Amino acid sequence: MTELKEQIFSEINEKIYSAELENGLKIFLIPKQDFQESCGMMIVNFGSLDTKFTYDGQPKEYNEGIAHFLEHKLFELEDGQDVAELFTNAGANSNAFTTFDKTCYYFSAVDNLEENVTLLQQFISETSFTEASITREKDIIDQEIDMYQDDADYRLYQGILENLYPNTALAQDIAGTQESIENISVADLKENHSIFYSPQEMTLLLVGNFDKDLLFNQIKKEQKEKASKKHVVKRQGLVYEQVVPKKNIQMDVTQPKLAIGYRGAQLPKGTSSLRQELALRLFFTMLLGWTSKRYQQLYESGQIDDSFDFEIEVCPDFQFLIISLDTLEPIAMANNICQYLNKVSQSSNLDDLSEKHFEIVKKELYGDFFKSLDSIDNLSAQFINHLSANETYLDVPKILATLGFAEVLKIGNDFLAHADATEFTILPK
């Protein structure tokens, strides 16, 4: 009989209860008795990158955007009713999103938690696709793609990814292209649903004010009828081609938008993605964060404004840094930032890379973590984004405590030493 396992994080006064049911569904319960609201999430291991894979040894290939398309269609029931209305009737807000590696369905509610948890499990387990409904959905997604193509910030992000990972699914819009979704069939959707929407490919997360034993028993009862045939899915890894050094487009913007991207090497097997991400975040916050002298010099001289930002993403298959900003002088700023980071990769003897600054930045990261524990939505999102076989988001303080200045310098310098750089600029028409 499957029982909950308790994991205590005494240093942060938190507990996680977890289990893996006989059908393969993984469950994580995080009780937060001081909160009125609760959040439920069903995470499916199916994202925009999963267009080429083998299923029980058989090669499969599908059009870009199929994971996102399936996310849309599951909200429509056989009688045409919208699942979102059912959640609303049960007092919950609901939505879903698709990322590179997962699809997430979620709700937040104060009352009727058991009813909403049941609904969350039920509606994604069945399909009711028809040719007519698929055709209607294609028109809706076409409009969504057009809308994003008119969004300059989105185009900037997508453009730098296209430069960093050409001819890969990472270079494609998560929603696909109008051509790719046009070729998605009912059979394609049903086959992908049968493969990825089986319990062994899913994780259920609940965070909030609830009785853990009551909900766990309810979930077990619901899942008892959802048997799962064991299968093996092997994703095709990213094929790294040479980065596109520079590219620019024109849009209706008031001033140029610049993105600078650094593509790191693939992580060696067994590397902790969470530790790598935290180390890179510490490293680049020392160099480019608001507490750095470099940032203050650029800001006070008017070369950057509040649009300046950087993003780090680390996954087993890829890791990258993206720096973005609005600037009247994109060529000069690109040269300025790239020359500075080249100097860093050649020597760590810089004012901003000091142990004193490191401790300041680490305390700020600790603060961000503890602040996230006070938000149901933030904690849920961070938890699913940093969930692996060996670690969870609640391991952040333990990892930070063991991350020293020398290790962070090494990880950061290794990243820069092996990274390929690119630029993408949006110019006014």
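Conventions and cut-offs
Residues numbered from 1 in each chain as written. Predicted model: local features only at pLDDT ≥ 70, side-chain atom pairs only at ≥ 80, totals over all residues. Heavy atoms only, no water. Helix = DSSP H or I, 4+ residues; strand = E, 2+ residues; numbered from the N terminus. Rg over C-alpha atoms; globule rule 2.2 N^0.38 Å. Buried < 20%, exposed > 50% of the residue type's maximum accessible area, 1.4 Å probe, protein only. Contact = heavy atoms within 4.5 Å. Areas by Shrake-Rupley, 256 points an atom, 1.4 Å probe, with all protein chains shown as cover. Pairing = 2+ DSSP bridges. Axes fitted to C-alpha atoms, helices over the stretch in contact; angles between N-to-C directions. UniProt positions renumbered as here; feature names shortened; annotations may be inferred. Core = buried A, V, L, I, M, F, W, Y, C linked by side-chain atoms within 4.5 Å. Domains from an automatic or database assignment. Polar contact = N/O pair within 3.5 Å; in protein donor to acceptor, adjacent residues only side chain to side chain. Expected span 1.5 Å × (residues − 1). 1 Å grid on protein atoms, 1.4 Å probe; cavity = no way out; pocket = protein on both sides within 12 Å on 5 of 7 lines; lining within 4 Å. Points joined across faces, edges and corners; volume = space filled by probe spheres on them. Nonpolar A, V, L, I, M, F, W, Y, C, P; charged D, E, K, R; others polar. Buried area = accessible area lost by both parts, 1.4 Å probe. Salt bridge = Lys/Arg side-chain N within 4 Å of Asp/Glu carboxyl O.

Where an unreviewed UniProt entry is consulted, the protein appears under the name Peptidase M16 inactive domain protein, with the organism given as Streptococcus equinus ATCC 700338.

This part takes up the overall build of the protein. Broken down by element type, the protein carries 15 helices and 15 strands. At 23 Å, the protein has a C-alpha radius of gyration in line with the 22 Å of a compact globule built from 429 residues. In the protein, buried positions account for 54% of the 429 residues. Across the protein, contacts joining residues at least 24 apart in sequence account for 78% of those joining residues at least 6 apart. Taken as a whole, the protein presents about 20500 Å² of accessible surface, with 46% of it coming from carbon and sulfur.

Let's shift gears to the sheet that holds strand E3 (residues 26-31). Reading across from one edge, E1-E2-E3-E9-E4-E8-E7 is the order of the seven strands in this open sheet, with mixed pairing throughout. Unpaired on one side and paired on the other, strand E1 (5-9) and strand E7 (92-98) mark the two borders of the sheet. Across the sheet, the mean angle from the axis of one strand to that of its neighbour is 15°, orientation sign disregarded. Sheet topology note: the strand E2 (residues 14-20)/E3 ladder contains four bridges and is antiparallel. Paired with Ala-19 across the strands is Ile-27, a residue of E3. Of the strands in this sheet, E2, E3 and strand E9 (202-208) are in contact with helix H8 (residues 212-223), which crosses E3 at around 160°.

Attention now goes to the UniProt feature "domain: Peptidase M16 N-terminal" (unreviewed entry) in the protein. The feature "domain: Peptidase M16 N-terminal" (unreviewed entry), as given by UniProt, occupies residues 60-177 in the numbering adopted here. Structurally, residues 60-177 is divided into 49% helix and 14% strand, and its ends, taken at the C-alpha atoms, are 19 Å apart.

We now examine the environment of Leu-21. Structurally, Leu-21 is set in the loop between E2 and E3. Once the C-alpha coordinates of Leu-21 and Lys-220 are considered, the two residues, 199 residues apart in sequence, prove to be 7.5 Å apart. When sequence neighbours within four positions are dropped, the list of residues in contact with Leu-21 reads Thr-2, Ile-27, Phe-216, Ile-219, Lys-220 and Gln-223.

Time to look at the nonpolar core. Grouped together as the largest cluster of nonpolar side chains are 67 residues, with contacts concentrated most on Phe-284 and Leu-287. Take this core: its biggest share by element is ten residues, from helix H9 (residues 273-288). Taken domain by domain, this core gets at least three of its residues from each of domain 1 (5-235) and domain 2 (246-428). Counting residues in hydrophobic clusters, the runner-up holds 52 residues, among them Leu-21, Phe-53, Phe-75 and Val-233.

Below, the discussion takes up the side chain of Ser-292. Along the polypeptide, Ser-292 turns up in the loop between H9 and helix H10 (293-300). Here Gly-289 takes part through its backbone oxygen, which lies 2.7 Å from a polar atom of the side chain of Ser-292. In contact with Ser-292, other than residues within four places in its own chain, are Thr-285, Met-286, Leu-287, Asp-352 and His-357.

What follows concerns H8. Taking 1.5 Å as the rise per residue, H8 with twelve residues should run 16 Å; its terminal C-alpha atoms sit 16 Å apart, in good agreement. Burial in H8 covers these residues: Leu-215, Phe-216, Gln-218, Ile-219, Lys-220, Glu-222 and Gln-223. Packing partners of the buried residues in H8 comprise E2, E3, helix H3 (113-123) and E9.

The subject of this paragraph is empty space enclosed by the protein. Per the stated rule, a full pass over the model turns up one cavity of 30 Å³ or more. Taken as a whole, the largest cavity holds about 30 Å³ of empty space. Taken together, Leu-288, Arg-294, Leu-298, Phe-308, Asn-336, Ile-337 and Tyr-340 form the lining of the largest cavity. Those elements that place two or more of their residues in the lining of the largest cavity are H10 and helix H11 (330-346). With three residues, the top contributor of residues to the lining of the largest cavity is H11. Grouping the amino acids of the lining of the largest cavity by side-chain chemistry returns five nonpolar, one polar and one charged.

The next point concerns the domain arrangement of the protein. Segmentation of the protein into domains returns domain 1 (5-235) and domain 2 (246-428). Taking only C-alpha atoms into account, the centre of domain 1 sits 28 Å from that of domain 2. Facing 39 residues of domain 1, the contacting portion of domain 2 comprises 42 residues. Among the residues domain 1 hides against domain 2, the three largest losses belong to Leu-156, Ile-160 and Leu-164. Together they make up 19% of the total. Between Asp-153 and Lys-257 there is a salt bridge; the shortest N-O distance is 2.9 Å. Applying the counting criterion to the domain 1 and domain 2 interface returns six residue pairs in polar contact (both at pLDDT 80 or more). Sorting the residues of the side of domain 1 that touches domain 2 by element identifies E2, E3, strand E4 (38-44), helix H5 (152-164) and E9 as the ones contributing at least two each. Element by element, the count of residues in the side of domain 1 that touches domain 2 is highest for H5, at eleven residues. Its residues assigned to classes, the side of domain 1 that touches domain 2 comprises 23 nonpolar, six polar and ten charged.

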